[in-house]
Amino acid sequence: MTVSDTAVDEPEYDGAERKWRRRALWMLLVLVPATLGVSAYSQVVDYLTLNDLVAREAEPLKDVHFGGSDWRLENMQTMKDTSALRIPPGSAPVFVDFTVRIGDANLEQAWLGCKISLVDASGRSWLPSYVSNSRVDDMATCNSTVFSGAKTGDTVKIRETFVIPKEALATVVPTVGLGSERPYYLRFKRS
């Protein structure tokens, strides 16, 4: 038995098949980067629409038009006696009050993804939290206002409560992000 007897014959390719194979390889060079580009584009769009990236500075106690409404930071305060509150040691509650005059009554569209947060000088941020035994009042939160049925011209009082480390109290500022305005957000200066 010789090697030539057991070897499988290689198929012979004609010129047309070789041409199509080359074309398919060249198309891969085009299609793979195009596919990656489309995937990256959708991820960039998602990143820009879901994150607060570009700050618009705002003064406290002055109206700022944002998301179809006029926002005003009324007050940002903490409590000295926190013994009755159930918060971790070394932390402090912060109450942030806004007055918002509704311009665009379609809040479900304009305020979708409403996010009020506190940001300190080093870039750390805190979202609102529930503080048991804190002051109880009839103020709404940002997200509850979206579905409140507020109409154009209504004035809404919004209060968000935060629990942050005491050392961050000196530098925190409130921010407001709305889905219709992203990647822009409001960053209020300290008064």
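Given the structure is predicted, the values throughout are model-derived calculations rather than measurements.

Concerning the overall build of the chain
Move 1: Within the chain one finds four helices and nine strands.
Move 2: Walking the chain from its N terminus toward its C terminus, one meets helices and strands in the order α-α-β-β-β-β-α-β-β-α-β-β-β.
Move 3: Of all 191 residues assigned to the chain, the portion counted as buried reaches 32%.
Move 4: Sequence-distant contacts, at least 24 apart, represent 73% of the contacts inside the chain between residues at least 6 apart.
Move 5: A total accessible area of about 12,300 Å² is found for the chain, and carbon and sulfur atoms account for 56% of it.

Comments concerning the pattern of salt bridges
Move 1: Counted under the stated rule, the structure contains nine salt bridges.
Move 2: Between Asp52 and Lys115 there is a salt bridge, with its nearest N and O atoms 3.7 Å apart. Separated by 63 residues along the polypeptide, Asp52 in the loop between α2 (15-50) and β1 (54-58) and Lys115 in strand β5 (residues 115-119) bring together distant segments of the chain.
Move 3: A salt bridge links Arg124 to Asp120, with the shortest nitrogen-to-oxygen separation between them at 2.8 Å.
Move 4: In this structure Arg124 comes out as partly exposed when scored by relative accessible area, which is 37%.
Move 5: Residue class for Asp120 comes out buried when judged on its relative accessible area of 7%.

Quick word on unusual backbone geometry
Move 1: Of note, the bond from Arg182 into Pro183 is cis; its omega dihedral lies within 30 degrees of zero at 20 degrees.
Move 2: Secondary-structure assignment places Pro183 in the loop between β8 (173-177) and β9 (184-188).
Move 3: Here Leu61, not a glycine, exhibits a phi torsion of approximately 65 degrees, which is positive.
Move 4: Take Leu61: it is sitting in the loop between β1 and β2 (64-66).
Move 5: Accessibility expressed as a relative area gives 48% for Leu61, which makes it partly exposed.

Section: the packing of aromatic side chains
Move 1: All told, the structure shown has three aromatic pairs when counted by the stated rule.
Move 2: Their ring planes at 35 degrees and their centres at 4.9 Å tell us that Trp71 and Trp111 sit as a pair that is tilted. A residue pair is termed long-range when its members are at least 10 positions apart, and Trp71 in strand β3 (residues 69-78) and Trp111 in the loop between α3 (107-110) and β5 qualify at 40 residues. The burial state of Trp71 is the same as that of Trp111; both residues are buried.
Move 3: Both rings, one in Phe98 and one in Phe188, keep their centres 5.5 Å apart while their planes meet at 55 degrees; by these two values the pair is tilted. Highlighted residues: Phe98 in strand β4 (residues 91-101) and Phe188 in strand β9, separated in sequence by 90 residues.

Here's the deal with the nonpolar core
Move 1: Ranked by internal contacts, the top residues of the largest apolar core, which has 30 residues, are Trp71, Phe98, Trp111 and Val176.
Move 2: If we skip the residues at most four places from it in the chain, Trp111 touches Gly67, Ser69, Trp71, Val100, Ile102, Cys142, Thr145, Val146, Ile158 and Leu178.

Considerations on the state of the cysteines
Among covalent bonds in proteins, the disulfide is the one between the sulfur atoms of two cysteines.
Move 1: Under the definition given, this model contains one disulfide.
Move 2: Put simply, Cys114 and Cys142 are joined by a disulfide, and their sulfur atoms are 1.3 Å apart. The S-S bond linking Cys114 to Cys142 shows a torsion near 60 degrees; that makes this disulfide right-handed. On the criterion of sequence distance, the pair formed by Cys114 in the loop between α3 and β5 and Cys142 in helix α4 (residues 142-146) is long-range, its members being 28 residues apart.
Move 3: Judged by relative accessible area, Cys142 falls into the buried class, the value being 1%.

Calculation rules
- Residues numbered from 1 in each chain as written.
- Predicted model: local features only at pLDDT ≥ 70, side-chain atom pairs only at ≥ 80, totals over all residues.
- Heavy atoms only, no water.
- Helix = DSSP H or I, 4+ residues; strand = E, 2+ residues; numbered from the N terminus.
- Buried < 20%, exposed > 50% of the residue type's maximum accessible area, 1.4 Å probe, protein only.
- Contact = heavy atoms within 4.5 Å.
- Areas by Shrake-Rupley, 256 points an atom, 1.4 Å probe, with all protein chains shown as cover.
- Salt bridge = Lys/Arg side-chain N within 4 Å of Asp/Glu carboxyl O.
- Phe/Tyr/Trp six-rings, centres within 6.5 Å; stacked < 30°, edge-to-face > 60°.
- Core = buried A, V, L, I, M, F, W, Y, C linked by side-chain atoms within 4.5 Å.
- Disulfide = S-S within 2.5 Å.

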